[in-house]
Amino acid sequence: MAGQAGRKGHLAEIAALQASIAACRICRDQPLGGVQGRLPHEPRPVVILSATARILIAGQAPGLRVHETGLPFNDASGDRLRDWLQVSREQFYDPALFAIVPMGFCFPGYDATGSDLPPRRECAPHWRARVMAAMPQVELVLAVGQYAQAWHLGALREKSMTATVMAWRRYLAPDKGRAVLPLPHPSWRNTGWLKRNPWFAEELLPELRKRVKTLIE
């Protein structure tokens, strides 16, 4: 009975946190840097929390298509990421298997060149520690991109994203805390990077797929 009550309490905590995040408007109403830096459109936090998933996918921030659909990684980057993981769309979006929590919950907009802006600076300080504390069952964090790597690896991160991903073995056996596997962003913009770094597909991906299979079975 105590275990069942604990599970119900955990589910209620996750549901309440998900609702709080969905209602968050700090990037529009309390932006860092003043009113001129506010999010120029209506926020739409896109997050999948879980009371049972043992894998957390920590990305950067939603793109426009994700903002429009409300479904994380619902784009070509997501197709590539699912291929890396060797999972179906059904598995990927099953909250029993994966939690998906980017560093910035809302689409940040575009810069002058048409590229996505970085994750909003308000999100991680306000929410990240609370989100991680609410999901103690997570055993593996997939840190996708430099912003997720900076938060989840801290001082252990190398000076560049490439060097950090190359050091992936070190982060899978931490002295304490969760295992973290750093990944490049699966965007088409990184196709050249993948070609220049064949070790990623030859060495890292097999280990990633093995761990994912173990943790979702």
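Use the structure listed above.
Since this is a predicted model, take the numbers as computed values, not measurements.

Asker: Quick question: what am I supposed to make of the nonpolar core here?
Answerer: If you look at soluble globular proteins, the nonpolar side chains tend to sit buried side by side. Membership of the largest hydrophobic core comes to 32 residues, with the highest contact counts inside it found for Ile 57, Leu 85, Leu 183, Phe 200 and Leu 208. Counting residues per element, the ones that place at least two in this core are strand S1 (55-58), helix H4 (76-85), strand S2 (98-100), strand S3 (140-144), strand S4 (179-183), helix H10 (191-196) and helix H11 (199-216). With 8 residues, H11 is the single largest residue contributor to this core. Those residues in contact with Leu 208 that sit more than four places away from it in its chain are Trp 84, Leu 85, Leu 142, Leu 181 and Leu 183. In terms of nonpolar packing, the next biggest core, distinct from the first, is built from 30 residues, Ile 26, Leu 49, Ala 124 and Ala 143 among them.

Asker: What is the right way to read the packing of H4 against H11 from this model?
Answerer: Working note: a packed helix pair is described by the angle between its axes plus the distance between those axes. Direction vectors running N to C along H4 and H11 enclose 75 degrees, while the axes themselves pass 8 Å from each other. Here H11 runs roughly perpendicular to H4, going by the angle between their axes. Of the residues in H11, those in contact with Asp 83, Trp 84 and Leu 85 of H4 are Phe 200, Leu 205, Leu 208, Arg 209 and Val 212. Within the contact of H4 with H11, the residues separate by chemical class into 6 nonpolar, no polar and 2 charged.

How each quantity is defined
Residues numbered from 1 in each chain as written. Predicted model: local features only at pLDDT ≥ 70, side-chain atom pairs only at ≥ 80, totals over all residues. Heavy atoms only, no water. Core = buried A, V, L, I, M, F, W, Y, C linked by side-chain atoms within 4.5 Å. Buried < 20%, exposed > 50% of the residue type's maximum accessible area, 1.4 Å probe, protein only. Helix = DSSP H or I, 4+ residues; strand = E, 2+ residues; numbered from the N terminus. Contact = heavy atoms within 4.5 Å. Axes fitted to C-alpha atoms, helices over the stretch in contact; angles between N-to-C directions. Parallel < 35°, antiparallel > 145°, perpendicular 65-115°, else oblique. Nonpolar A, V, L, I, M, F, W, Y, C, P; charged D, E, K, R; others polar.

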